[in-house]
Amino acid sequence: MKQFGGPVLFLDRSDINTDEIIPAKYLTVSTKDALKPYLLEDLKMEGFDLNSAEFKNAKVIVTRENFGCGSSREHAPWALEVNDIYVVLAEGYARIFRQNMFNCGMLAVELSKEEIEELFEISGKGPIECSVDHAKKSMIFTCAGEVVYELEYFISEFDDALVNAGGWVEFADKNY
């Protein structure tokens, strides 16, 4: 069972593409787990450090618009999944990437520009944790044990069913 929530990684950039999420040179690996060490290896962004505790501990990503653009391959969500990052919050997604997230039983939550901006503002307070109550479609963000932001989110009934089942394959096994 996937555990949604945990330490938040803030990626303050739009248009992070699938080649930055998982470089194409790793697409020939034979298992999802083999993708694990290469997540975000080619991401070039001021202040981003693959060796930081923020990156190594991340379980939730908050980013800007058009996350997952580029190739339509499912390896990008798989690379997040094998690193136990099951929640991404963004202003918007590439359509196929977003659906691949739900197909893997993960959350790709689209928020308004204002909500994303508020989340980036709280990121300056220190390390942020996100608690997800998927049954209530709500998230609570805390810093040093104090609630700093709360939000409710919406996903379609079908995408919700995919997340609750654990992904498309599990959903199909139960329903077809």
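Residues numbered from 1 in each chain as written. Predicted model: local features only at pLDDT ≥ 70, side-chain atom pairs only at ≥ 80, totals over all residues. Heavy atoms only, no water.

**Some thoughts on the pairing of strand β5 (residues 129-133)**
Alternating residues of β5 divide into Cys130 and Val132, all buried, and Glu129, Ser131 and Asp133, none buried. Sheet topology places β5 next to strand β6 (residues 138-143); five bridges connect them, and they run antiparallel. The residue of β6 that forms the bridge with Val132 is Met139. Connecting β5 to the next strand, β6, in antiparallel fashion are four residues, including Lys137 with a positive phi near 55°. (Buried < 20%, exposed > 50% of the residue type's maximum accessible area, 1.4 Å probe, protein only. Helix = DSSP H or I, 4+ residues; strand = E, 2+ residues; numbered from the N terminus. Pairing = 2+ DSSP bridges.)

**Looking at a nonpolar patch on the surface**
Taken together, the side chains of Phe158, Trp168, Val169 and Tyr176 define a hydrophobic patch exposed on the protein surface, amounting to about 470 Å² of accessible area. One can find Trp168 in helix α7 (residues 168-175). You can call Trp168 partly exposed: its relative accessible area is 35%. (Patch = residues over 30% accessible without salt bridge, like charges linked within 9 Å, V, L, I, M, F, W, Y side chains within 5 Å. Areas by Shrake-Rupley, 256 points an atom, 1.4 Å probe, with all protein chains shown as cover. Salt bridge = Lys/Arg side-chain N within 4 Å of Asp/Glu carboxyl O.)

**A word on the sheet that holds β5**
Taken in spatial order, the seven strands line up as β4-β3-β2-β1-β5-β6-β7 in an open sheet, and their pairing is mixed. The sheet terminates laterally at β4 (107-110) and β7 (146-152), the two strands that pair on one side only. Sheet twist, expressed as the average angle between the axes of neighbouring strands with direction ignored, equals 25°. (Axes fitted to C-alpha atoms, helices over the stretch in contact; angles between N-to-C directions.)

**Here we look at the pairing of strand β3 (residues 87-90)**
Residues of β3 alternate between two faces, with Val87 and Leu89 on one and Val88 and Ala90 on the opposite face, all of them buried. Across three bridges, strand β2 (residues 60-63) lies against β3 in parallel orientation. Considered in β3, the bridge of Ile61 is made with Val88. Each parallel crossover has a hand, and the one from β2 via helix α3 (residues 75-82) to β3 is right-handed. Direction of pairing for β3 relative to β4: parallel, over a ladder of four bridges. Its bridge partner lying in β4, Leu89 is registered against Val109. Taking the sense of rotation as the criterion, the β-α-β connection linking β3, helix α4 (residues 95-103) and β4 turns out right-handed. (Right-handed = clockwise from strand over helix to strand, strands pointing away.)

**A few points about the packing of helix α6 (residues 157-165) against α7**
Across the interface, α6 lies against α7 with an axial gap of 7 Å and an inter-helix angle of 95°. As far as their axial angle goes, α7 and α6 are roughly perpendicular. Residues Phe158, Ala161, Leu162 and Ala165 of α6 form the contact with α7, whose participating residues are Trp168, Glu170, Phe171 and Lys174. Taken together, the residues that form the contact of α6 with α7 break down as six nonpolar, no polar and two charged. (Parallel < 35°, antiparallel > 145°, perpendicular 65-115°, else oblique. Contact = heavy atoms within 4.5 Å. Nonpolar A, V, L, I, M, F, W, Y, C, P; charged D, E, K, R; others polar.)

**Some remarks on unusual backbone geometry**
Positive phi, normally seen in glycine, also occurs at Leu40, with a value near 60°. Its place among the elements puts Leu40 in the loop between α1 (18-21) and α2 (53-57). A positive phi angle, close to 60°, is found at Asp84, a residue other than glycine. Along the chain, the position of Asp84 falls in the loop between α3 and β3. Take Asp84: its relative accessible area is 31%, and that puts it in the partly exposed class.

**Examining α4**
Listed in full, the buried residues belonging to α4 are Phe97, Asn100, Met101 and Phe102. Against the buried residues of α4 lie α1, α3, β3, β4 and α6. Gly105 sits one or two positions beyond α4 and adopts a positive phi of about 80°.

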